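Results of the structural survey
Now for the letters of each chain:
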Amino acid sequence: MAVGAKDRLDKALVKKYQSLKVDNAIIQSSMVDPNKMMETMNDYANAHMEAFRIHQALRDICTKAISMNIQYTKMKSVKSKKERIAEAARKVVAAQMAKKHALTQKLAKEPRPEMA
C-alpha cells in the first residue's frame, strides 16, 4: 500500500504545501498540568460515586421506614367456585321459600268461598 497523493487534487495540494514549513506546537507554560487534571477528574468521579452511595443508602432507609409504617388489614377468605354456587343456590331457595310463605299467609287471611 503506497503512501502519497492518489488523484490530481491530492497531488496539487501536496505541491502547494510542500514548500511551507510547519513548526511543531510548543506546549506553553500556561497550560494545565496533565497530572493535576487527572487528579481533578478523579476527585470529581469520587464525589459522584459517594453521592450515588448516599442516595442508595437514603433510598434503603426510606423503603424500610415506609414498610414499617404499613398497616395490613385482614381480608375475607376467598371462596371457591363451588362454594359461591352453593351460596347463590341457597339464596335463591330462601327467596322462593319466603315468597311461598308470604303467599300462604295471604291465602290464609282471605275468606274461602263456600261450596253449595
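For the structure itself, consult the block above.
Residues numbered from 1 in each chain as written. Predicted model: local features only at pLDDT ≥ 70, side-chain atom pairs only at ≥ 80, totals over all residues. Heavy atoms only, no water.

1. Some details on the overall build of the protein chain
- A tally of regular secondary structure across the protein chain gives three helices and zero strands.
- Secondary structure elements in the protein chain, listed N-terminal to C-terminal, are α-α-α.
- Expressed as a percentage of the 116 residues in the protein chain, the buried residues total 0%.
- For the protein chain, the accessible area works out to roughly 12700 Å², and carbon and sulfur atoms hold 62% of it. (Helix = DSSP H or I, 4+ residues; strand = E, 2+ residues; numbered from the N terminus. Buried < 20%, exposed > 50% of the residue type's maximum accessible area, 1.4 Å probe, protein only. Areas by Shrake-Rupley, 256 points an atom, 1.4 Å probe, with all protein chains shown as cover.)

2. What about the pattern of salt bridges?
- Evaluation of the coordinates by the stated rule reveals three salt bridges.
- Linking Glu50 and Arg53 is a salt bridge whose minimum nitrogen-to-oxygen distance equals 3.2 Å. Separated by three residues within a single helix, Glu50 and Arg53 lie in helix 2 (residues 34-69), roughly one turn from each other.
- Residue Glu50 is classed as partly exposed on the basis of its relative accessible area of 42%.
- Taking the relative accessible area as the measure of exposure, Arg53 reaches 49% and is therefore partly exposed.
- One network of salt bridges, in which partners are shared, links Lys79, Glu87 and Lys91. (Salt bridge = Lys/Arg side-chain N within 4 Å of Asp/Glu carboxyl O.)

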